Amino acid sequence: MAENRPTPPDVDRVAASRAAVAARRARAAVKNQIAEGKRTALEVLAAATDSPEGVEGRLRVTEFLISIPAIGVTKMHRIMEKLEISPSKRLGGLGKHQRDRLRDFLTTRTAARRMDSSAKLVVLAGPTAVGKGTVAAHIRQHYPDVHLSVSATTRAPRPGEIEGVSYFFVDDAEFDRMVEAGELLEWATVHNAYRYGTPRGPVTGAVSEGHSVLLEIDIQGARSVRRAMPEARLVFLLPPSWDELVRRLIGRGTEAPAEQARRLETAKLELAAQGEFDYRVVNHDVGEAAREVVDLMNLRPAPLLP
Ligand SMILES: Nc1ncnc2c1ncn2[C@@H]1O[C@H](COP(=O)(O)OP(=O)(O)OP(=O)(O)O)[C@@H](O)[C@H]1O
Ligand SMILES: Nc1nc2c(ncn2[C@@H]2O[C@H](COP(=O)(O)O)[C@@H](O)[C@H]2O)c(=O)[nH]1
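Residues numbered from 1 in each chain as written. Chains lettered and ligands numbered in written order. Predicted model: local features only at pLDDT ≥ 70, side-chain atom pairs only at ≥ 80, totals over all residues. Heavy atoms only, no water.

### Section: the sheet that holds strand β6 (residues 194-199)
Let me state the cut-off plainly: Between any two strands, at least two bridges found by DSSP are needed for them to pair. Helix and strand definitions here come from DSSP, where helices need a minimum of 4 consecutive H or I residues and strands a minimum of 2 consecutive E residues; each element is numbered from the N-terminal end. Contact between two residues is taken to exist if any of their heavy atoms lie within 4.5 Å; hydrogens are not considered. Note on geometry: axes are C-alpha line fits, over the in-contact stretch for helices, and angles between N-to-C directions span 0 to 180 degrees.
The sheet built from four strands is open, its strands ordered β4-β3-β6-β5 with mixed pairing. The sheet terminates laterally at β4 (168-169) and β5 (184-190), the two strands that pair on one side only. Pairing of strand β3 (residues 152-153) with β6, which is carried by two bridges, proceeds in the antiparallel orientation. When the bridges of β6 are listed, A152 appears paired with G197. Against the sheet, helix α8 (residues 200-208) makes contact with β5 and β6, and its axis sits at roughly 30 degrees relative to β6, the strand it touches most.

Okay, here's the thing in structure tokens:
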């Protein structure tokens, strides 16, 4: 028995390897935060500058760049070369000039992606029952060039909803796996009930092929997309009036009165967030609201069918 007990050097080795695993996990968490838009690359670089031995400072510049949406391995190598940074460098080990070049690169990239006049990624958000789903369905039907992102959700399908078209319906374990694997561009618990998330691959794939993509998601999700892909245009859909919003929610009849009351409370907070958005569209008429959203993508509608 006694001879099986770890000797002091073994204890040190075990402790060191546990610390290494914990540090690796902490670095992976930071990379996921950048990839999911929970923190911007500039924020992480600032943290690494403040604390070069902290988790951000220990991140290799190569891994840091790859975690930024739309930067792959080839692009990363080109950027490293252009910035004259060796692949072995960690963020905390950059010299002042290298750090300045990296910061300038990130700032310019963010500004350039925001200024692109033909928005490739448009996020439609707004309070409950304002008509986001109805406007998105109109766009799906009338503007076939727009790719509509299909979200994953842990809620059960409603009658008529189709797997892979309305949503990807997944259980909690699968949603956890998607989050852990960094497969979601953003995710949120909506109305304090179920989790919803945007699969990253189809969105970044379609955008990099030059297609326009529409996300119909809640306000927390819109904020995350703004951080992950600052070039996205954020549209806030407004009701013509508060009374009309209440009428639409009650008229839809899909929530019990207690849930309706809870959603209306949240709606007040959500309406207060409209200033964070790039555009505001009032949903008086579904077709007009859809056209205003699609106009941001510089697309033409499909010809009317006879
Ligand atoms: N322009 C409009 N005029 C009149 N009614 C509308 C209009 N747009 C949507 N509606 C109606 O309002 C109700 C809510 O619409 P919808 O379900 O699309 O809202 P939503 O914003 O997606 O809601 P949630 O976030 O709760 O899922 C529906 O009954 C829909 O038919
Ligand atoms: N943050 C995200 N919100 C999403 C996503 N997909 C949908 N939603 C929002 O959830 C509510 C409820 O939708 P419902 O279909 O259950 O009525 C609605 O406000 C959607 O906009 C997502 O991927 N991410």
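### Some remarks on the packing of aromatic side chains
Formally: Ring geometry is summarised as follows: Phe, Tyr and Trp rings, the Trp one being its six-membered ring, pair when their centres sit within 6.5 Å, and such pairs are stacked at plane angles under 30 degrees, edge-to-face over 60 and tilted between the two. Each residue is assigned to one of three classes by its accessible area relative to the maximum for its type, calculated with a 1.4 Å probe on protein chains only: buried under 20%, partly exposed between the two thresholds, exposed over 50%. For a Lys NZ or an Arg CZ to count as sitting over a ring, it must be within 6 Å of the ring centre and within 35 degrees of the ring normal.
Following the criterion strictly, the structure yields four aromatic pairs and no others. Measuring from ring centre to ring centre gives 5.1 Å for F236 and F277, while their planes differ by 75 degrees; the resulting arrangement is edge-to-face. Taken together, the positions of F236 in strand β8 (residues 233-238) and F277 in the loop between α11 (257-271) and β9 (279-282) put the pair 41 residues apart, joining distant regions of the chain. Under the relative-accessibility criterion, F236 is labelled buried at 0%. Grouped by ring-pair contacts, the aromatic residues Y167, F169 and Y196 constitute a single cluster. In this arrangement the basic side chain of R195 is found over the ring face of W187, its NZ or CZ atom lying 5.9 Å from the centre.

### As for the site of ligand 1
What counts, and what does not: When we say a residue is near a molecule or strand, we mean one of its heavy atoms is within 4 Å of it. Counting of polar contacts relies on pairs of N or O atoms within 3.5 Å, with two restrictions inside protein: one atom must be capable of donating a hydrogen and the other of accepting it, and residues adjacent in sequence are counted only when both atoms are side-chain atoms. Each accessible area is a Shrake-Rupley estimate made with a 1.4 Å probe; only the visible protein chains count as cover when residues are assessed. Under the convention adopted here, Pro, Cys and the residues Ala, Val, Leu, Ile, Met, Phe, Trp and Tyr are nonpolar, Asp, Glu, Lys and Arg are charged, and Gly plus all remaining residues are polar.
Close to ligand 1 lie 15 residues, the nearest being T128, K132, G133, T134 and R252. For ligand 1, an oxygen atom lies 2.5 Å from a polar atom in the side chain of T134. Here a nitrogen atom of ligand 1 sits 3.2 Å away from a polar atom, N or O, in the main chain of H284. Taking 640 Å² as the accessible area of ligand 1 by itself, protein coverage stands at 71%. Counting residues per element, the shell around ligand 1 draws most heavily on helix α6 (residues 132-142), which supplies three residues. Residue classes in the shell around ligand 1 are distributed as four nonpolar, six polar and five charged.

### As for the pairing of β8
Across the six residues that make up β8, a large majority, six, are buried. The side-chain alternation of β8 yields two buried faces, one formed by R233, V235 and L237 and the other by L234, F236 and L238. Where strand β1 (residues 121-125) lies against β8, four bridges are found, and the strand directions are parallel. Looking across to β8, one finds that V122 is bridged to R233. Across four bridges, β8 lies against β9 in parallel orientation. Across the sheet, residue F236 finds its bridge partner in β9, namely R280.

### So, unusual backbone geometry
Positive phi, close to 55 degrees, is recorded for E84, a residue that is not glycine. Here E84 lies in the loop between α4 (73-83) and α5 (96-115). With a phi angle near 65 degrees, A129 is a residue other than glycine that sits in the positive phi range. With respect to the secondary-structure elements, A129 resides in the loop between β1 and α6.

### As for the UniProt feature "binding site: ATP" (unreviewed entry) in the protein chain
Keep this limit in mind: UniProt positions are given in the numbering used here, feature names are shortened, and annotations may be inferred rather than shown by experiment.
Summarizing the sequence annotation, UniProt attributes the feature "binding site: ATP" (unreviewed entry) to G126, P127, T128, A129, V130, G131, K132 and G133 in the numbering used throughout. Position of T128 among the secondary structure elements: in the loop between β1 and α6. For T128, the residues in contact, after removing those within four places along its chain, are H191, L245, L249, R252, R263, A267 and E270. Here V130 is to be found in the loop between β1 and α6. Accessibility expressed as a relative area gives 0% for V130, which makes it buried.

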